[in-house]
Structure formats: structure tokens, C-alpha cells
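Structure at a glance
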Amino acid sequence: LVPTPLLLGAHDDDALSVRNAAAWALGHRPDAANELLTTLQTGSALAQDAALTAISPHAHNVHEGLLTWAHAQIDRAATLHRTHSTVVAVQTAVPERDFLATVIEQRAIRAEDRAIAALVALGAPAAGGLMRRSLRSRDQDARAQAIEALDSLGDRGLSRALTACLEAVDDPAAEDPHTVLDQLAQDDDAWIVVLGRRVRATMAEQPEEDVATTDGTGDQLDTMLLLRRVPLFARLEPEDLQRLAMVAQERSYADGAPLMREGELGDELVVLVEGVVRVVHATPDGEERLIRRYEAGEHIGELAVLRDRPRVATVIAEGDVRGLVLGGDGLRAILRERPEAAMAMLTTLAERLSTQ
């Protein structure tokens, strides 16, 4: 029998399968309720999500504590929504601002989802799934029906607070940007702090602040900002972008140099940082047929990551080219852990196939 402390520690594991297995085991431990509640209150983001999955069978034992935690999640989401509207309105074109706005939006949605999951755990299973999607629907009738149903489920105070939070997204009130950025620089979320300080320094027209922290957060920020230029990675959580940035290798290619050769085995994806490349295919008579060109901000080589087959085309630098090279192992790990990243890659592939 695996000790409870070890299972709780597994909630921080990088592998989703390990976290899910630990959550399942703790869900069947009668004495784990208080430990799971403590994890919700003080644990990392990964640990909190796993603990929330495990706590449903114990919700009756920690009802008040879980309710208080869920209300705190809604308060957090409401604050982030207000902050998001202010950050979007900041008059600066630096990529850090867009990244900050995305992270704030992601954190707000995560907090809302946790509050909904708490409703499910507290005895309102209908609050999950379809209702969650309906609450965020742009169709007013669908949202109205979901809100009415939500109001009749679980804790009325919690459901009403969640409804008010979701409705506030449509017309959030902007606040003074300098005040908001000062507050973000003191936030509990390390990535919000890092990005908030960068944007604040830009607004003040001061030299860029040192964003490195004792845990290394921000050390790969410049590489992460380059990766975010690619639609495939634009919506990834900063923690996942950092994982990619840590293993990315920068390479330079001279004019005419091949980045990839048709027929060779490869397991790398290249994000173009500077320059233009052309993709060509060799015809049976030895001629070179141009397929298309790619520019900075685009990526090439994703098929080699998805399947173990030779390259189907040659990629050649047109002028000097600089790229970030990502190995297949790290990228596949992200795709396994983040279904939204897999969907982004499938969307990119579909768009490319439709233009070829």
C-alpha cells in the first residue's frame, strides 16, 4: 500500500497519468479528506487540480472548507477578468503585454473551472460538461438556460457568485493600468509577476527589469516569446512554453543550406525566427518543384514529430535564416499532457493541407 504522503506528492508529478493515478487512489482513502483540502488551499496548480479530482468522494467530510475554497476561486476569477480588460487596453505593443493578457485569461478560466468542479463535488454533477460549455457560449439563450439550471444546483450562493463572475466577462470595467500593473508585480502567480514587471517597465520607459527569480521563472522568457509567435504554441500555458524553451536549440543556416532533406529520417520541428525558407519536392525527372515558402513566425517539420517516416520534402534557406529547433520527445510530451496543443497542431496541419 502506497503511503498517503507519497500519493499527495505524486500530485506534483509532470506526467498526467501519474497525477490521475494518485488522485484515484486518494479518492478511495477514507482518511485523505483533510490532506486533500490542504492541498487545494496551499498546493501548486498541478497538485490542486489533482486534489480536486480526488476530493469528490470526501466532499461531505470537508463541505465547508471546500465551499470556502470554491468561493475564493470565483473571487480570483472575477479579479483576473477585471485585470485582463485593463492589460489589453495598455498602450504598448511589446509581446509581453499580449502574453500577460493570455496568461491572465487562462488563469481566470482555470479558477472558474475549479469552482464548477467544486460544485460537482458538492453534489451538483450536472454543473460539469455541457453546462460548463453552455455558460461560456456566445448564444444568449444557451447561457440563460445554463445560468437558470446552475442556480438550482448545489450551493445557491456559490452558483450565483459564479454566474455573476461569468456575466462580468462581457462588460468588465477597466481600471488604472499603472495601479493594476503594480498589483500584478505582487501577485501570487510567478508568471503574472514576471510579465507584469516587464510590461510595467516598458510603460515607464525604463530599462528592462530583471525578471529572473530564485526558481528560474523568466530565465527562458525571450525564447518563450519567440515560440508564442507560432499559432501552434500561442495558447500554451507558460509552464509548458518554458519546458519547450529549455530544450530548444538555436541554429543558423546560410543562404542555400538545407534545413531538412527529402527522404531523410527526422524528429525535429523548426520554428523560424528570422529569414525565409522554401519547401521543394524532387520530381521523377530530377527537377525541383516548389511547394511553398515559410517566413519568420512559422514552423516546419511537424510531420516528422507525429510519425516515424522519412521527410517528404526538402527545406532550403533563402538568405540567412535563424531558427529554434525542438526535438520530438519534448514536443510529444506536451501533446500528451495538453490536448489543446494537439488540437492546435491538427488545425495547423489541416490548414496546410487545404492550401497544397
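Heads up: the structure comes first, above all this text.
My aim in this report is to walk through the structure given alongside it, one point at a time. (Residues numbered from 1 in each chain as written. Predicted model: local features only at pLDDT ≥ 70, side-chain atom pairs only at ≥ 80, totals over all residues. Heavy atoms only, no water.)

**Things to note about the packing of helix α13 (residues 238–247) against helix α15 (residues 328–337)**
Two elements in contact, α13 and α15, have axes whose closest approach is 10 Å; the angle formed by their N-to-C orientations is 165 degrees. Between α13 and α15, the angle falls in the class roughly antiparallel. Considering how the two elements wind past one another, α13 and α15 form a crossing that is right-handed. Every residue of α15 that contacts α13 at Asp 240, Arg 243 and Leu 244 is listed here: Gly 330, Leu 331, Ala 333, Ile 334 and Glu 337. Classifying every residue of the contact of α13 with α15 by side-chain character gives four nonpolar, one polar and three charged. (Axes fitted to C-alpha atoms, helices over the stretch in contact; angles between N-to-C directions. Helix = DSSP H or I, 4+ residues; strand = E, 2+ residues; numbered from the N terminus. Parallel < 35°, antiparallel > 145°, perpendicular 65-115°, else oblique. Left-handed = near helix turned anticlockwise from the far one by under 90°. Contact = heavy atoms within 4.5 Å. Nonpolar A, V, L, I, M, F, W, Y, C, P; charged D, E, K, R; others polar.)

**Details of the pattern of salt bridges**
Evaluated as defined, the whole model comprises 20 salt bridges. A salt bridge links Glu 239 to Arg 107, with the nearest nitrogen and oxygen atoms 2.8 Å apart. Taken as a pair, Glu 239 in helix α13 and Arg 107 in helix α6 (residues 95–121) lie far apart in primary sequence, 132 residues in all. Among the ionic pairs, Arg 322 bridges to Glu 274, the shortest N-O distance being 3.0 Å. Of this pair, Arg 322 sits in strand β6 (residues 314–327) while Glu 274 sits in strand β3 (residues 268–282), placing them 48 residues apart in sequence. Taking the relative accessible area as the measure of exposure, Arg 322 reaches 21% and is therefore partly exposed. Judged by relative accessible area, Glu 274 falls into the partly exposed class, the value being 43%. By sharing partners, the salt bridges in this structure join Arg 107, Arg 110, Asp 189, Glu 237 and Glu 239 into a single network. (Salt bridge = Lys/Arg side-chain N within 4 Å of Asp/Glu carboxyl O. Buried < 20%, exposed > 50% of the residue type's maximum accessible area, 1.4 Å probe, protein only.)

**Regarding the environment of Val 194**
Relative to the assigned elements, Val 194 resides in helix α11 (residues 190–203). Residue classification places Val 194 among the buried residues on the basis of a relative accessible area of 2%. Each C-alpha atom of the pair Val 194 and Leu 221 lies 9.0 Å from the other, and the pair is 27 residues apart in sequence.

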